[in-house]
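Geometric and topological summary
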Amino acid sequence: MISIQHVSKTFSPVGHRGADATAVHALNDINLEIADGDIFGIIGMSGAGKSTLVRTINLLERPTEGRVVVDGQDVTQLAGADLRAYRRRVAMIFQNFGLLAQKTVLANVCFPFLAAAGKVTEADRERALGLLERVGLKEKANAYPSQLSGGQQQRVAIARALACDPEVILCDEATSALDPKSTNTILKLLRDINRETHVTLVVITHSMDVVEKICKNVAVLENGRVVEQGPVERVFEAPSAQATRVLLGRVDWDA
Ligand SMILES: Nc1ncnc2c1ncn2[C@@H]1O[C@H](COP(=O)(O)OP(=O)(O)O)[C@@H](O)[C@H]1O
Ligand SMILES: [Mg+2]
């Protein structure tokens, strides 16, 4: 269980203290509970704070205030080896896939082993090939990312995310750069992996379509605040926040 408790994040301007240097309050008192095995959507417009919020979960961003408690442990207090160990439990995939262009598909999937242990064993390579098979790309093991379509690159990124057997995968706009067909392939793959492994998925998106297709619960973020949250069916049936109605397209676009 991931418990986000009163998390705020303020970006202070660095380097100059001029009168026009204003702080950005990216997150304001966020409270969320994400259950193990859930597919939890975080939706909001561009600039709402989604990426900042998801980055506080793996501590790529440190909250200015509040705590992130995972399985009863305040992970915002972790440092050094404990922090590195925690980060291995939380994988991430991105809009632009984040593959290493100079490395083959197989080497990309093996990269977490290299990062964690300084070497890649034969057993690691076998495991990576198994993961490539799971995402349907075993025959591309020796190809380079640039030789793959966007959807295929994201499947490689998913295989890489699974390499360290994570408890959580953070997906930040994972399908936003893909066409509708590749989007569906990726969403189905993520849903099936969730069912098979019970890995928790945190799905950041600006698309209600993505939320409707795979999420069980959703939080709507607006200007760094959670304005609505609940089970997806309830939120679609009876949205309470104006921001949700806009995202659902239930407000005239030129109103
Ligand atoms: N490193 C940073 N420094 C300063 N401001 C930032 C930084 N990262 C994000 N922001 C600001 O925080 C707000 C939320 O950004 P972000 O979390 O990227 O939103 P989203 O992912 O929902 O589009 C925006 O106003 C953005 O400009
Ligand atoms: Mg973002």
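Look up: the structure comes first, before these words.
In this report, we go over the structure that sits alongside the text. (Residues numbered from 1 in each chain as written. Chains lettered and ligands numbered in written order. Predicted model: local features only at pLDDT ≥ 70, side-chain atom pairs only at ≥ 80, totals over all residues. Heavy atoms only, no water.)

Digging into the overall build of the chain
Helix and strand content of the chain: nine helices and ten strands. Referenced to the eigenvectors of the C-alpha coordinate spread, the extents of the chain come out at roughly 55 × 40 × 40 Å. Here the chain holds 255 residues, and the buried ones make up 48% of them. Considering only intrachain contacts with a sequence separation of at least 6, the fraction spanning at least 24 residues in the chain is 66%. For the chain, the exposed surface amounts to about 12600 Å²; the carbon and sulfur share of it is 49%. Measuring between centres, the 29 positive side-chain charges of the chain sit 5 Å from its 30 negative side-chain charges. (Helix = DSSP H or I, 4+ residues; strand = E, 2+ residues; numbered from the N terminus. Buried < 20%, exposed > 50% of the residue type's maximum accessible area, 1.4 Å probe, protein only. Contact = heavy atoms within 4.5 Å. Areas by Shrake-Rupley, 256 points an atom, 1.4 Å probe, with all protein chains shown as cover. Lys, Arg positive; Asp, Glu negative; His and termini not counted. Charge placed at Lys NZ, Arg CZ, Asp CG, Glu CD.)

Focus: unusual backbone geometry
Phi is positive for leucine 59, which is not a glycine, with a value near 65°. Residue leucine 59 is classed as buried on the basis of its relative accessible area of 3%. Unlike most non-glycine residues, phenylalanine 97 shows phi in positive territory, near 70°. Inspection of the secondary structure puts phenylalanine 97 in the loop between β6 (90-94) and α3 (105-117).

Quick look at the nonpolar core
Within the largest apolar cluster, 51 residues are counted, with the highest numbers of intra-cluster contacts made by Ile93, Leu132, Ile158, Ile169 and Val211. Considering every element that reaches this core, the biggest residue donor is helix α5 (residues 150-162), with six residues. Beyond its immediate sequence surroundings of up to four residues, isoleucine 169 is in contact with Ala91, Ala161, Leu162, Val199, Thr200, Leu201 and Val202. Counting 28 residues, the second-largest nonpolar core is a separate cluster that includes Ile2, Leu32, Ile57 and Val75. (Core = buried A, V, L, I, M, F, W, Y, C linked by side-chain atoms within 4.5 Å.)

Points about the pairing of strand β4 (residues 65-70)
The pairing of strand β1 (residues 2-11) with β4 spans five bridges and is classified as antiparallel. Counterpart to serine 3 in the pairing with β4 is valine 69. Inspection of the sheet shows β4 paired to strand β5 (residues 73-74) by two bridges, in the antiparallel sense. Bridge pairing in β5 links valine 69 to aspartate 74. Here β4 hands over to β5 after two residues, with aspartate 71 in that stretch at a positive phi of 50°. (Pairing = 2+ DSSP bridges.)

A few points about the sheet that holds strand β10 (residues 225-231)
With mixed pairing, the six strands of this open sheet are ordered in space as β6-β7-β8-β3-β9-β10. Two strands bound the open sheet, and with one partner strand each, they are β6 and β10. Averaged over all pairs of adjacent strands, the angle between strand axes in this sheet comes to 15°, irrespective of strand direction. When strand β9 (residues 217-222) meets β10, the two strands line up antiparallel, connected through six bridges. By the bridge assignment for β10, glutamate 222 is matched with arginine 225. (Axes fitted to C-alpha atoms, helices over the stretch in contact; angles between N-to-C directions.)

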